[in-house]
2 protein chains.
Amino acid sequence: MGRRDHPTAEELYLSLREKGEEISLATVYRSLRSLAEEGRVATLPLSPADRFDPETHPHYHFHCLHCHRVFDLDLPYKPELDQTIEALGFSVHHHTLVFHGLCPACKKEV
Amino acid sequence: MGRRDHPTAEELYLSLREKGEEISLATVYRSLRSLAEEGRVATLPLSPADRFDPETHPHYHFHCLHCHRVFDLDLPYKPELDQTIEALGFSVHHHTLVFHGLCPACKKEV
DNA sequence: TTCAGTGCAAACCGTTTGCACTGGG
DNA sequence: CCCAGTGCAAACGGTTTGCACTGAA
């Protein structure tokens, strides 16, 4: 819950094991799924593996095409977008805005 | 290329076979991948399966949580968002905005 | 005694790939 | 004759699940 780096299920599993936590990968997946169902973590469906975020207040992300890290963006959430879509006849639950490109570190590298 | 319904690779494969096209699923995947690399189709990385869109001009999508259909949205693309993120030090390739909820048909049903 | 939670391994599913083949140039 | 494109089946990687077990209530 303290992590701000949007780990995948496997990354979470490995870091728990490194800490001496005796947990199986299946339990990590099951726990993440129930936490997501309870709304206590957010799931970011990214390729190749989903990433998890304990910050459930809506916010936007940057996904680096090179290192595959995910960054939280300091860009205000825009609820008015949902209203625009509702006006078209849809019932909007939420929206996801993901920017794809190179993060500052990878940008320098290339 | 004529389709506006964002089929998955498998949906595409099945409809081609129904038309009498003798093609394998592997070839569908390989063709979609090279078309995507050439920029002739766009890939929408959605769960559980990627969807493909011959419309490559940037635009936004609605993903129905109930019937899983994907709709093109008549909402103007906002390139200025990329500039906001570039100002934070990122190099933005593109961004994806997907609304999740119930489409007009499923909204009535429930 | 019960049963929610767990570990393990197998299954699952979308996708990719190795390999042999083939047919057009 | 060559090789880009194909079919087939196996492999792959992320995720889920069946089943037996366990330990707290």
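As the structure is a computational prediction, the values presented were derived from the model and not from experiment.

A.B. asks: Before we go on, may I ask you to explain the protein's contact with DNA strand D in this structure?
C.D. replies: Lining the immediate environment of DNA strand D, one finds 14 residues, of which A:Y29, B:E22, B:S24, B:T27 and B:R30 sit closest. The sugar and phosphate moieties of DNA strand D supply 68% of its atoms located within 4 Å of the protein. Measuring from a base oxygen of DNA strand D, one finds a side-chain N or O atom of A:R30 at 3.3 Å. Within the backbone of A:D50, one N or O atom sits 3.1 Å away from a phosphate oxygen of DNA strand D. Contributing elements (two or more residues each) for the surface near DNA strand D: helix 2 (25-38) of chain A together with helix 2 (25-38) of chain B. Considering every element that reaches the surface near DNA strand D, the biggest residue donor is helix 2 of chain A, with four residues. Taken together, the residues of the surface near DNA strand D sort by class into six nonpolar, two polar and six charged.

A.B. asks: Quick question: what am I supposed to make of the nonpolar core here?
C.D. replies: Grouped burial of nonpolar side chains is what soluble globular proteins tend to show. One finds A:F62, A:F99, B:F62 and B:F99 to be the most contacted residues of the largest nonpolar core, which totals 26 residues. Sorting the residues of this core by element identifies strand 3 (61-64), helix 3 (79-86) and strand 5 (91-102) of chain A together with strand 3 (61-64), helix 3 (79-86) and strand 5 (91-102) of chain B as the ones contributing at least two each. With near-sequence residues (within four places) excluded, B:F99 lies in contact with A:L81, A:D82, A:I85, A:V92, A:H94, A:H95, B:H61, B:F62, B:H63, B:L73 and B:L75.

A.B. asks: Please explain the sheet that holds strand 4 (residues 70-72) of chain A as it appears in this structure.
C.D. replies: What links the strands of a sheet is backbone hydrogen bonding, and the strands pair in either a parallel or an antiparallel sense. The six strands lie next to each other as 4(A)-3(A)-5(A)-5(B)-3(B)-4(B), forming an open sheet whose pairing is mixed. Every interior strand has two partners, whereas the edge strands, strand 4 of chain A together with strand 4 (70-72) of chain B, have only one. Each adjacent strand pair in this sheet contributes to an overall mean axis angle of 30 degrees, direction not counted. Pairing between strand 3 of chain A and strand 5 of chain A: four bridges, direction parallel. The partner of A:C64 across the bridge, within strand 5 of chain A, is A:G101.

A.B. asks: Sorry if this is basic, but what is going on with the domain arrangement of chain A here?
C.D. replies: Think of interface size as the accessible area that goes away when the parts come together; that is how it is often given. All names here are of chain A. Each assigned domain of chain A is listed here: domain 1 (1-56) and domain 2 (57-110). Its C-alpha centre places domain 1 at a distance of 20 Å from the equivalent point of domain 2. Contacts between the two partners involve nine residues from domain 1, matched on the other side by nine residues from domain 2. Summing both sides of the interface, domain 1 and domain 2 together bury roughly 800 Å²; the carbon and sulfur share of this comes to 55%. Looking only at domain 1, the three residues that lose the most surface to domain 2 are H6, L46 and E55, adding up to 46% of its buried area. For the pair domain 1 and domain 2, the number of links is zero salt bridges. The interface formed by domain 1 and domain 2 holds seven residue pairs in polar contact (both at pLDDT 80 or more) in total.

A.B. asks: Looking at this structure, I do not really get helix 1 (residues 9-18) of chain B. What am I missing?
C.D. replies: Because each turn of an α-helix spans 3.6 residues, side chains separated by three or four positions end up pointing in the same direction. Residues and elements named next belong to chain B. Along helix 1, the positions that sit buried rather than exposed are A9, L12 and Y13. The buried residues of helix 1 occupy one face: seen down the axis, they fall within an arc of 100 degrees. Looking at the buried residues of helix 1, the elements they touch are helix 2 and strand 2 (51-53). At the C-terminal side of helix 1, G20 shows a positive phi close to 95 degrees.

A.B. asks: Can you help me understand the protein's contact with DNA strand C in this one?
C.D. replies: If you check the shell around DNA strand C, you find 14 residues, and the closest are A:E22, A:S24, A:T27, A:R30 and B:Y29. Backbone sugar and phosphate groups make up 68% of those atoms of DNA strand C lying within 4 Å of the protein. Take A:T27: an N or O atom from its side chain is 2.4 Å from a phosphate oxygen of DNA strand C. B:R30 places a polar side-chain atom, nitrogen or oxygen, 3.4 Å from a base oxygen of DNA strand C. No other element matches the four residues that helix 2 of chain B contributes to the surface near DNA strand C. Partitioned by chemical class, the residues of the surface near DNA strand C number six nonpolar, two polar and six charged.

A.B. asks: Is there a simple way to think about the state of the cysteines in this case?
C.D. replies: What is meant by a disulfide is a covalent connection between two cysteines, made through their sulfur atoms. Here the structure, examined in full by the defined rule, presents zero disulfides over all chains. Left unpaired, A:C67 is separated from the closest cysteine sulfur, that of A:C64, by 3.7 Å. The exposure class of A:C67 is partly exposed, given its relative accessible area of 29%. Not engaged in a disulfide, the cysteine B:C103 finds its nearest cysteine sulfur in B:C106; these two sulfurs lie 3.8 Å apart. The buried category is assigned to B:C103, whose relative accessible area is 1%.

Quick notes on the rules
Residues numbered from 1 in each chain as written. Chains lettered and ligands numbered in written order. Predicted model: local features only at pLDDT ≥ 70, side-chain atom pairs only at ≥ 80, totals over all residues. Heavy atoms only, no water. Near = heavy atom within 4 Å. Polar contact = N/O pair within 3.5 Å; in protein donor to acceptor, adjacent residues only side chain to side chain. Helix = DSSP H or I, 4+ residues; strand = E, 2+ residues; numbered from the N terminus. Nonpolar A, V, L, I, M, F, W, Y, C, P; charged D, E, K, R; others polar. Core = buried A, V, L, I, M, F, W, Y, C linked by side-chain atoms within 4.5 Å. Buried < 20%, exposed > 50% of the residue type's maximum accessible area, 1.4 Å probe, protein only. Contact = heavy atoms within 4.5 Å. Pairing = 2+ DSSP bridges. Axes fitted to C-alpha atoms, helices over the stretch in contact; angles between N-to-C directions. Domains from an automatic or database assignment. Buried area = accessible area lost by both parts, 1.4 Å probe. Salt bridge = Lys/Arg side-chain N within 4 Å of Asp/Glu carboxyl O. Arc of directions from axis to C-beta. Disulfide = S-S within 2.5 Å.

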